[in-house]
Amino acid sequence: MDLYVNILRVLKVGGRYYCVTLAQKSVLQCLLDNFKEGWVVRLHTLAIEQDAQTEFGGDLPVFVMVMTKMMQVPGRDAIKIFEVVGSNNSYTRLGDLDKMFETVVSLQQFAMIKHHLKGLHPGESVSIDLWHADIAEQPRFTLHIVDISHQKSFRGQFALFLVPHGRESDWLFYDEFGLKKLAESAGYSRLVIVTLHPLQSYGTLEQIKEEISDSAIQFLQRDLGSTPKKWPVLSLGDDIGKRTIQYQGCSEFSGSFIVEDVKNDSTGDTIRRLVFLKNPVPQSEVRMLKTKASKKEKGKLVCDSQDLCFSFHVAVIGCLGLLLNPVKPTKMLVVGLGGGSLIRFID
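Keep in mind that what you see is a predicted model, and the values were worked out from it rather than measured.

How each quantity is defined
- Residues numbered from 1 in each chain as written.
- Predicted model: local features only at pLDDT ≥ 70, side-chain atom pairs only at ≥ 80, totals over all residues.
- Heavy atoms only, no water.
- Helix = DSSP H or I, 4+ residues; strand = E, 2+ residues; numbered from the N terminus.
- Buried < 20%, exposed > 50% of the residue type's maximum accessible area, 1.4 Å probe, protein only.
- Salt bridge = Lys/Arg side-chain N within 4 Å of Asp/Glu carboxyl O.
- Core = buried A, V, L, I, M, F, W, Y, C linked by side-chain atoms within 4.5 Å.
- Contact = heavy atoms within 4.5 Å.

Undergrad: How would you explain the environment of G299 if you had to name every residue and give the values?
TA: Within the secondary structure layout, G299 lies in the loop between β14 (284-290) and β15 (301-303). Under the relative-accessibility criterion, G299 is labelled partly exposed at 22%. Distance in space between the C-alpha atoms of G299 and G203 is 29 Å, their sequence separation being 96 residues.

Next up, the structure:
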């Protein structure tokens, strides 16, 4: 407390107090309790060279907290401003002390994940969600980081792979063995596979590359030496595809869900899917057909009731063919309606 009183006495309005810290909970609590009113508090993350990290506490992030003294106006509430400075010197204003605590904890957890990546063995993968401050329901990006042996890395040491809209649930981009297969096919020692989410709004492929680059550089292997200015960004085509959300709702039992239209790259068909946000794997899928336009109305999309998108639906129908009696009507019970594609086909 005496230290704070002397800082307040010595500094004039606009003066700054700098504190370099690892921001342990007790230290952070003490700082914010004393500088929460009448100050602008800005949090910087100190960039440390790899060779000097051991001296500064290993892989723990080192913060610089800058407290700027503001003028106290009689009869008005004291100024309370909390900001975080990003790697590109952009400022993000936080609402209150709790948000500042959450930010520090998330940066420390992020550092621990990067520490864990140093022990990643070839064939193993780690998945990380990157969140946007304005959307709390879904991550901005999900990163799958996969390492392969140097003997199989015939193209280089590091690359990004952007998964197009609607393909995030494909086996190649979702399953652990699929991710490994993709990494080996790409031929880079470390492949960071970036998947997009339906509730987020994205720009062009180039804009996504620019947005994700600051985060991706955090996952470069330490044995690369100097940080490369550019690295390959791979994808399945020249764009990220298109996703159109037709409906969004919330189920009492299954949580939030969406009905979305995505384009099948191989066939060009429009696929309508029911997706529960807790699990990115589509619950139901159906191929959409466009009706012919007439003079009175335009063509519209309708469900193709004769098409089965899931292979297990095909297996179910095959088994029914063995069980049904062509002479005597057969009664059956279907548990779980889903999007109704299987029932529609049977009917």
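Undergrad: Run through the pattern of salt bridges, naming residues and quoting values.
TA: For the coordinates displayed, the defined rule picks out 18 salt bridges. Measuring nitrogen to oxygen at the nearest pair gives 2.7 Å for the salt bridge that ties D147 to R190. Placement of the pair is D147 in strand β7 (residues 141-147) and R190 in strand β9 (residues 188-195), with a sequence separation of 43 residues. Considered together, D147 and R190 belong to a single accessibility category, that of buried residues. Residues R243 and E168 are paired through a salt bridge, measuring 3.2 Å at the closest nitrogen-oxygen approach. Residue R243 is found in strand β11 (residues 243-251), and its partner E168 is found in the loop between β8 (156-162) and α4 (171-174); the two are separated by 75 residues along the sequence. Take R243 and E168: they sit in the same class, and that class is buried. Counted as one network, the salt bridges with shared partners bring together E168, R243, E260, R273 and E285.

Undergrad: Could you give an account of the nonpolar core, naming the residues involved and the relevant values?
TA: The nonpolar side chains of a soluble globular protein tend to be buried with one another. F141, L143 and V192 are the most contacted members of the largest nonpolar core, which has 23 residues in total. Those elements giving two or more residues to this core turn out to be β6 (125-130), β7, β8, β9 and α6 (205-216). No other element matches the 4 residues that α6 contributes to this core. With residues near it in sequence (within four places) discarded, F141 still touches I128, D129, L130, V194, T195, L196, H197, Y202, I208, E211 and I212. The next biggest cluster of nonpolar side chains, apart from the first, holds 21 residues, and it includes Y4, I7, A23 and W39.

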